[in-house]
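# Commentary on secondary and tertiary structure
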Amino acid sequence: MGHATGAPRADRLTQARAILDENWTGSSTIPAPGLYPHQWNWDTGFIAIGRARWDRPRAEAEMLSLFRGQWANGMLPHIVFNPAVPTDAYFPGPDFWQSDGSANAPNGVMTSGLTQPPVHAFAALEMHRCAANADADRSRGFLRQLFPALAALHRYLRDERSGPEGLAFILHPWESGLDNSPAWDEAFGRVHVPEGTLPAFERRDLMNADPRDRPSDEDYDRFVYLSIVYRDTGYDDVRVRELTPFLVESPMFNAIRAWSAAALVEIAGIVGEDGREFAEDGERIVRAIEAKLWEQRHARFFPFDLRDGHRMNHHSIDSFMPLVAPGLDAELARRTVDSLRTYHDCAIRERCFLLPTYDPLGGDFDMRRYWRGPIWANTNWLLERGCRLVGEHRTADELRGAVFELVGTFGFREYFDPHGTAAYGADRFSWTAALFLDLAARLDEAG
Ligand code: 2M8
């Protein structure tokens with residue numbers, strides 16, 4: 001199948017670096033102008049991976065800036081607010097989260113109270129691997145500096161946020177990274193917002209993006225309400241488990257955690273620390289993903305709804321993400337890749353790129369609404385890495401090719417219609433630029 005290629009790759013590489021530099025604030029990179037004016041958690045990991053390809057000092061500063069927002073219990077917030085940006089530029093902003101009311105929050109840094117997928121240890125290791133020989137000492141020093149913070153994050157997820165099998169739960173769709181995915185609809189649809197619980201607020205996102213690309217008002221109310229439930233416990237991870245209507249174990253969140261746990265073991269070796277506890281964590285997480293989240297009938301993984309004690313059944317990209325978990329059973333990995341190739345409707349459509357974030361044949365598919373169908377560069381990047389890890393290079397090449405062609409045609413947009421007709425969300429989106437740079441650099445290295 002032929003796809004339009006658009007601008008030559010060399011031009012796109014120059015543009016990608018220019019976008020990251022435009023979005024640089026002096027200490028970190030915003031995901032995109034207007035829509036996302038602060039520093040986001042997992043965006044930072046992806047951005048640092050791309051930026052490390054040509055600008056190590058900023059890539060390191062970026063990571064350290066995020067970890068300035070880490071809480072004393074190890075929690076790494078999903079947003080670190082920039083005090084130079086007006087507090088009402090983004091909702092929910094610092095006034096809403098009231099992190100300064102929590103004993104765990106850092107002094108003098110305003111943050112949100114939720115977290116996001118822990119990509120940071122593998123991002124730090126990726127940065128180290130692409131360091132030039134001349135930078136090797138500096139890079140080791142950076143890993144040494146970051147190691148205790150990474151270790152604290154992983155201990156937090158293990159000790160405060162995991163059930164008996166060792167899988168971490170998310171208590172808000174924003175923690176999944178796949179925020180508005182139909183994957184959560186079952187559990188999220190049960191969230192009833194009691195009258196009078198929401199503050200008066202204005203949706204800033206709708207002022208900076210087309211409402212057709214963004215969540216509905218009803219869903220946004222639920223997002224805000226779930227945040228209030230957690231905030232009003234004083235961000236108490238024990239009490240919230242009893243109170244919140246939304247508590248889910250996501251395959252992607254845990255697979256990323258397992259990848260980062262393995263990276264942490266390597267980092268520990270590089271900086272002369274003991275990484276055995278993270279090797280044990282990683283092994284436990286992967287075995288629990290296989291035992292609890294694998295669905296034989298569909299040959300893929302599904303999130304587990306801890307509130308009603310069942311595996312959920314919406315077909316989303318979350319189902320394939322255990323491919324990034326090191327040591328996943330080889331037979332399950334092979335079957336997951338087979339099932340990935342039949343999940344999208346490319347078999348029956350003339351034009352369809354790998355891999356939509358939601359099944360295009362599923363009734364809730366929406367080619368333009370965020371996380372309800374479009375292709376994102378970061379999910380393609382993750383699966384590209386996962387497929388390489390299990391030796392599925394043909395699928396990995398297609399996932400990479402999709403990013404090249406969609407970016408070549410539409411530029412560095414936040415997300416893309418899987419049928420290649422349009423791009424949506426923010427423009428000049430940082431992780432699209434950063435991961436394009438990384439994919440291109442690795443293609444060149446492979447010769
Ligand atoms: C989106 O999420 C934020 C809330 O965290 C939003 O919609 O305002 C998601 O795509 C999330 O995964 C991402 O980290 C964030 C910034 O790019 O935007």
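The structure this text deals with has already been given above.
What counts as what
The written sequence of each chain sets the order in which its residues are numbered from 1. Per-residue local features of the predicted model are confined to residues with pLDDT of at least 70, and side-chain atom pairs are confined, for both listing and counting, to 80 or more; whole-chain, interface and lining totals are unaffected and use all residues. With hydrogens and water stripped out, all remaining heavy atoms of the structure feed into the side-chain values. In these notes, residues near a molecule or strand are those with any non-hydrogen atom within 4 Å of it. Whenever a nitrogen or oxygen atom comes within 3.5 Å of another N or O atom, the pair is scored as a polar contact, on the condition that within protein one atom can donate a hydrogen and the other can accept it, and that pairs from neighbouring residues in sequence are kept only if both atoms are in side chains. We get accessible surface area from the Shrake-Rupley algorithm with a probe of 1.4 Å; when it comes to residues, only the shown protein chains can shield them. We place a 1 Å grid over just the protein atoms. Points where a 1.4 Å probe fits but has no way out form a cavity, open points with protein on both sides within 12 Å along at least 5 of 7 lines form a pocket, and any residue with an atom within 4 Å of a point lines it. Pocket or cavity membership: a molecule qualifies when more than half of its atoms sit within 2 Å of the grid points of that site. Under the grouping applied here, Gly and all other residues not named as nonpolar or charged are polar, the nonpolar ones being Ala, Val, Leu, Ile, Met, Phe, Trp, Tyr, Cys and Pro and the charged ones Asp, Glu, Lys and Arg. We define a salt bridge as a contact between a side-chain nitrogen of Lys or Arg and a carboxyl oxygen of Asp or Glu at a distance within 4 Å. For helices the rule is a DSSP run of H or I covering at least 4 residues; for strands it is a run of E covering at least 2, with both sets numbered from the N terminus onward. When a residue's accessible area, from a 1.4 Å probe over protein chains only, is under 20% of the maximum for its type it is buried; when over 50% it is exposed; and in between it is partly exposed.

### Notes on the site of the ligand
- For the ligand, the set of nearby residues contains 17 residues, the closest of which are Asp43, Tyr90, Gly177, Asp179 and Tyr370.
- Note that an oxygen atom of the ligand is positioned 3.1 Å from one of the side-chain N or O atoms of His78.
- At 2.9 Å, a side-chain N or O of Arg214 approaches an oxygen atom of the ligand.
- Calculation on the ligand without its partners gives an accessible area of 420 Å², and the protein chains cover 100% of this total.
- Here the ligand is seated within the largest cavity.
- Split by residue class, the shell around the ligand holds eleven nonpolar, three polar and three charged.

### Thoughts on the pattern of salt bridges
- For the coordinates displayed, the defined rule picks out 47 salt bridges.
- The closest approach of N and O atoms between Asp219 and Arg222, which form a salt bridge, is 3.2 Å. Residue Asp219 and its partner Arg222 are located together in helix 10 (residues 217-231), separated by three residues, close to a single helical turn.
- Relative accessible area serves as the criterion here: at 12%, Asp219 is assigned to the buried category.
- Close ionic contact of Arg442 with Asp438 constitutes a salt bridge, the shortest N to O distance being 3.0 Å. Of this pair, Arg442 and Asp438 both sit in helix 17 (residues 430-446), four residues apart, which is roughly one turn of that helix. Accessibility assignment for this pair places Arg442 and Asp438 in one class, buried.
- One connected set of salt bridges, linked through shared partners, spans Arg53, Glu384, Arg388, Asp397, Arg400, Asp438, Arg442 and Glu445.

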